[in-house]
Amino acid sequence: MPDTEKKQRPVTSVTDNEALEFHAMGRPGKLEINATKPMATQRDLSLAYSPGVAVPVKAIAADPATAYDYTTRGNMVAVISNGTAILGLGNLGALASKPVMEGKSVLFKRFADVDSIDLEVDTENVDEFINCVRFLGPSFGGINLEDIKAPDCFIIEQRLRELMDIPVFHDDQHGTAIIAAAGLINALELTGRDLKTTKLVCNGAGAAAIACVELIKAMGFAPENIVLCDTKGVIYQGRTEGMNQWKSAHAVKTKARTLEEAMKGADVVFGLSQKGAFSETMIRSMADRPIIFAMANPDPEITPEEVARIRDDAIMATGRSDYPNQVNNVLGFPYIFRGALDVRATTINDAMKIAAVQALANLAREDVPDDVVAAYQGNRPRFGAQYIIPVPFDPRLISAIPVAVAQAAIDSGVARKPIVDMAAYARELSARRDPIASTLASLYERVRRRPKRVVFAEAEEEQVMRAAMSYANQQLGTAILLGREDLIHATAERAGIDLNRPGLEIVNARISTRVEAYIDYLYARLQRKGYLHRDAQRLIHQDRNHFAACMVALGDADGMVTGITRNYSTALEDVRRCIDMKPGHQVIGVSVALCRGRTVFVADTAVHDMPSAAELADIAVEAAGFARRMGYQPRVAMLAYSTFGHPSGERSERVREAVKILDKRRVDFEYDGEMAADVALNRKVMEQYPFCRLSGPANVLVMPAFHSASISTKMLQELGGSTVIGPILVGLDKAVQITSMGAKDSDIVNMAAIAAYAGS
Ligand SMILES: NC(=O)C1=CN([C@@H]2O[C@H](COP(=O)(O)OP(=O)(O)OC[C@H]3O[C@@H](n4cnc5c(N)ncnc54)[C@H](OP(=O)(O)O)[C@@H]3O)[C@@H](O)[C@H]2O)C=CC1
Ligand SMILES: CC(=O)C(=O)O
Ligand SMILES: [Mg+2]
């Protein structure tokens, strides 16, 4: 495969089954609603509901602006669709659009901390749709229209903008136009082209296409240099078939009648139409250094691999996250609404859109921070053909785009609550982003760049096999399936998994040529610990954990995952017989709990039952080191049931002692204790102890003993709605991870990736 083609290869792929299981697992769908105020006591209810609620009701009636102070309105956006143009899949109806709309809602939350709810309106009648939405203004700070077909979307958006006093923004139009324009500015710069003389063909003349063309014309593109095409071919002056007023506004004088004719010699082509609409002949006929944005989702008009096969001078972008240069409105809508909501804008106007375009284009020209380096395919992305637009995981987006949008809203007079200190606003925005998702993305990316051989010790189990397949599919390396071939094949057949694919390898311990080497290795380690040679033989022949751990110990695999069929401590004992701890380290378990945009590391959740003071200090050091490797500045709280001496007790005394040991060791991270969990996690409660040395709420919690660590993380997961990853084993000399019994395939893949990462 030529290098250019390799560079364009998608780096992740998911199967249809995985996609369905992802949506079905746990609570079906991708969203839930949580209360933000306590709802426990009679008093809480009296405040939240009758009679207390009457007070804000009257306040809002007297002054509607106070709705932003007393309700969710100011941070709440509705994602509304009728499903008439779902991605590039066409008109599949309101109900079928729900997964996409839920997806947009979670992206609002994930990227910009905007709360959002999806509303699917089951009508194709424009007036009915408008009448349904126009009365929803009091509920929301903004309306994000999505996947509504042209030309209905133009009428709907225009009328709703006139009827409502909050931003109404059709994402497929303006979101797409903003991102495409930013990418185009940069691609033109890279190819030395001038906006005024560049020739562009846009295939598609619907919502996204018309908005893109309008925006770039507003930015100075010459109207006569843009040719629009739709299913009937070129939109030329005088055409009557399949026309509407929005298409007519962009009709040009040209002899070209087909897309193929229009694309001859074109500098730029935008695809906002359908999968496969561009042929190799069309791409070949374009000018030198062509700019190709194939933006149809989920499958582009032409794939980067196809383009790379025929030209090596193209700048290529798609709407997908698994190729370089993702031109997708996900880079826009969360941040544009963030900025608009924060100044209580009445609308999102052209000045705000152009500010977003400039901010995005500029960001791609700056040096990228390290977390983007890891999250991007290949090496440090530098402004160039493979990097014309920031990646969605770029942590700078959350401050750069909303600030630009908010400033433009203020300057153009549509902000109801101008921001005075923009620098402070930018800092606040950065604090809204939790780094864990980009950290995990970087971790996966780093493994992808140096793929690893990970042995899945319990490959006869279905969820393990699924995880192994996903590991291979995501190009993280080779997944070694350890088990008996006949049983592995039987499990695969039952699960409908095709084992005949690259990246999967079966190792049968019974017939492996490495058995003797493993037995010798194990016997040498255990002979002075009461084990006979035949005990070592038995362990290697009969126990897959020992076999797998020896594979890792002797370099036949880079990492190992186990834990589904055996309890944690047994699996750990098996592994420890074969693998030592890293010199100068302690083996501990760290669990990563993600809850409502906040991440905390909890230790030791796996190894030490009743740690001594010295062991607690070691645990703090290991856990802080791990948090740092995951991209956090550790603030370690040494937890107890007491806080700074009250109430006193033997267990707390041990924690206090651990703090003194850390003092003596002069460690290079923040720590303090002993303290109760609320003091550690709640800034207000911590303020009652002004001498506390932590500069903010703790993000590393060292538990006084295994039982409290285990109980609290399990409660967080079951009752607190947290996602808990781990326990992740830290401090072993080789990369081994143990999942909990009953872990899901996605948990196992995470563990395999973490093992592979540690082994890199
Ligand atoms: N990357 C991104 O961020 C985004 C990508 N898109 C993608 O753009 C595409 C269009 O979406 P949207 O504008 O919302 O949908 P619309 O339904 O509003 O418009 C679709 C347009 O595409 C035209 N079209 C469809 N198939 C072809 C074809 N084979 N050749 C030429 N023209 C064709 C239609 O022509 P006609 O008018 O003759 O029916 C119509 O003009 C989708 O694939 C969508 O996924 C959309 C938004 C964002
Ligand atoms: C990305 C998007 O919104 C679309 O393809 O419709
Ligand atoms: Mg869309």
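Only a predicted model underlies this, so the values are computations on that prediction, with no experimental measurement involved. (Residues numbered from 1 in each chain as written. Chains lettered and ligands numbered in written order. Predicted model: local features only at pLDDT ≥ 70, side-chain atom pairs only at ≥ 80, totals over all residues. Heavy atoms only, no water.)

### Let's talk about the pattern of salt bridges
Here the structure, examined in full by the defined rule, presents 42 salt bridges. With a shortest N-O distance of 3.4 Å, Lys-104 and Glu-146 are connected by a salt bridge. Taken together, the positions of Lys-104 in helix α6 (residues 98-112) and Glu-146 in the loop between β3 (142-145) and α8 (152-163) put the pair 42 residues apart, joining distant regions of the chain. Residue Lys-104 shares its accessibility class with Glu-146, and that shared class is buried. Shared partners join several salt bridges into a network, and the residues in it are Lys-98, Glu-102, Asp-118 and Glu-120. (Salt bridge = Lys/Arg side-chain N within 4 Å of Asp/Glu carboxyl O. Helix = DSSP H or I, 4+ residues; strand = E, 2+ residues; numbered from the N terminus. Buried < 20%, exposed > 50% of the residue type's maximum accessible area, 1.4 Å probe, protein only.)

### Quick notes on the side chain of Asp-172
Within the secondary structure layout, Asp-172 lies in helix α9 (residues 171-190). Lacking a salt bridge, the buried Asp-172 has Lys-104 as its closest oppositely charged neighbour, with an N-O distance of 5.4 Å. Among the polar contacts listed, one links the side chain of Asp-172 to the backbone nitrogen of Asp-147, at a separation of 2.5 Å. Residues in contact with Asp-172, not counting those within four places in the same chain, are Leu-145, Glu-146, Asp-147, Ala-207, Ala-208 and Asn-329. (Lys, Arg positive; Asp, Glu negative; His and termini not counted. Polar contact = N/O pair within 3.5 Å; in protein donor to acceptor, adjacent residues only side chain to side chain. Contact = heavy atoms within 4.5 Å.)

### What to know about the nonpolar core
Judged by nonpolar contacts, the single largest core of 101 residues is most densely connected at Ile-143 and Phe-270. Considering every element that reaches this core, the biggest residue donor is α9, with 10 residues. Of the domains in this structure, domain 1 (71-166) and domain 2 (174-428) are the two that each give at least three residues to this core. Setting aside anything within four residues of it in sequence, one finds Phe-270 in contact with Ala-180, Leu-184, Leu-200, Val-201, Cys-202, Asn-203, Cys-212, Phe-278, Phe-293 and Met-295. Counting 64 residues, the second-largest nonpolar core is a separate cluster that includes Leu-440, Tyr-444, Leu-476 and Ala-743. (Core = buried A, V, L, I, M, F, W, Y, C linked by side-chain atoms within 4.5 Å. Domains from an automatic or database assignment.)

### What about the UniProt feature "binding site: NADP(+)" (unreviewed entry) in the protein chain?
Per the UniProt record, the feature "binding site: NADP(+)" (unreviewed entry) sits at Ile-86, Leu-87, Gly-88, Leu-89, Gly-90, Asn-91, Leu-92 and Gly-93. Residue placement: Leu-89 occurs in the loop between β1 (76-81) and α6. With near-sequence residues (within four places) excluded, Leu-89 lies in contact with Asn-297 and Pro-298. Mapped onto the secondary structure, Leu-92 falls in the loop between β1 and α6. (UniProt positions renumbered as here; feature names shortened; annotations may be inferred.)

### Regarding the environment of Val-252
Its place among the elements puts Val-252 in the loop between α11 (245-248) and α12 (259-263). The class of Val-252 is buried, set by a relative accessible area of 9%. Sequence separation of Val-252 and Gly-696 is 444 residues, and the distance between their C-alpha atoms is 61 Å. Apart from residues no more than four positions distant in its own chain, Val-252 is found in contact with Pro-223, Glu-224, Ile-226, Val-227, Ile-235, Tyr-236 and Gln-237.

### A look at unusual backbone geometry
For the bond from Ala-603 to Asp-604, the omega torsion is -10°, close enough to zero to count as cis. The backbone phi angle of Arg-344 is positive, close to 50°, even though this residue is not glycine. Its place among the elements puts Arg-344 in the loop between α15 (333-342) and α16 (350-365). The residue Phe-644 is not glycine, and still its phi comes out positive at about 40°. Among the secondary structure elements, Phe-644 is positioned in the loop between β17 (635-639) and α28 (650-665).

### Focus on the sheet that holds strand β20 (residues 723-730)
The mixed open sheet is built from 6 strands, whose spatial order is β18-β17-β19-β16-β15-β20. Both edges of this open sheet fall to β18 (670-675) and β20, since each of them pairs with a single strand only. The average undirected angle you get between the axes of adjacent strands in this sheet is 20°. (Pairing = 2+ DSSP bridges. Axes fitted to C-alpha atoms, helices over the stretch in contact; angles between N-to-C directions.)

### Quick word on the UniProt feature "binding site: a divalent metal cation" (unreviewed entry) in the protein chain
Those residues carrying the UniProt feature "binding site: a divalent metal cation" (unreviewed entry) are Glu-146, Asp-147, Asp-172 and Asn-297 in this numbering. In sequence the annotated residues extend across 152 residues, while in space they remain close, none of their C-alpha pairs exceeding 13.7 Å. Filtering out sequence-adjacent residues up to four positions away, Glu-146 remains in contact with Val-79, Ile-80, Ser-81, Met-101, Lys-104, His-170, Asp-171, Asp-172 and Asn-329. Counting through the fold element by element, Asp-147 comes out in the loop between β3 and α8.

### Structural notes on the site of ligand 2
All residues adjacent to ligand 2 are Leu-87, Lys-104, Glu-146, Asp-147, Asp-172, Asn-297, Asn-328 and Asn-329. At 2.8 Å, a side-chain N or O of Asn-297 approaches an oxygen atom of ligand 2. A distance of 3.0 Å separates an oxygen atom of ligand 2 from a polar side-chain atom of Asn-329. Looking at the shell around ligand 2 residue by residue, the class counts come to 1 nonpolar, 3 polar and 4 charged. In this structure, the shell around ligand 2 is formed jointly by two domains, domain 1 (71-166) and domain 2 (174-428), each of which donates at least three residues. (Near = heavy atom within 4 Å. Nonpolar A, V, L, I, M, F, W, Y, C, P; charged D, E, K, R; others polar.)

### Topic: the coordination of the magnesium ion (ligand 3)
Note on the magnesium ion (ligand 3): its protein donors are Glu-146 (OE), Asp-147 (OD) and Asp-172 (OD). The metal-donor distances range over 2.0 to 2.1 Å. Here the donor residues of the magnesium ion (ligand 3) are spaced in sequence according to E-D-x24-D. On the criterion of sequence distance, the pair formed by Asp-147 in the loop between β3 and α8 and Asp-172 in helix α9 is long-range, its members being 25 residues apart. In terms of burial, Asp-147 and Asp-172 fall into one category: buried. (Donors = N, O, S within 2.8 Å, 3.2 Å for Na, K, Ca; no water.)

### A look at the domain arrangement of the protein chain
Assigned domains of the protein chain: these are domain 1 (71-166), domain 2 (174-428), domain 3 (443-578) and domain 4 (588-731). Distance from the C-alpha centre of domain 1 to the C-alpha centre of domain 2: 22 Å. Taken together, the 29 residues of domain 1 in the interface contact 24 residues of domain 2. Per-residue buried area on domain 1 facing domain 2 is highest for Phe-111, Ala-112 and Phe-154; these three make up 26% of the total on that side. Summed over the shared surface of domain 1 and domain 2, the number is 1 salt bridge. Salt-bridge contacts for Asp-165 lead to Arg-416; the nearest nitrogen and oxygen are separated by 3.6 Å. Our count for the domain 1 to domain 2 interface comes out at 8 residue pairs in polar contact (both at pLDDT 80 or more). At the level of elements, α6, β3 and α8 are the ones that each hand at least two residues to the side of domain 1 that touches domain 2. Considering each element in turn, the side of domain 1 that touches domain 2 owes the most residues, 6 residues, to α6. Residues of the side of domain 1 that touches domain 2, tallied by class, amount to 16 nonpolar, 6 polar and 7 charged. (Buried area = accessible area lost by both parts, 1.4 Å probe.)

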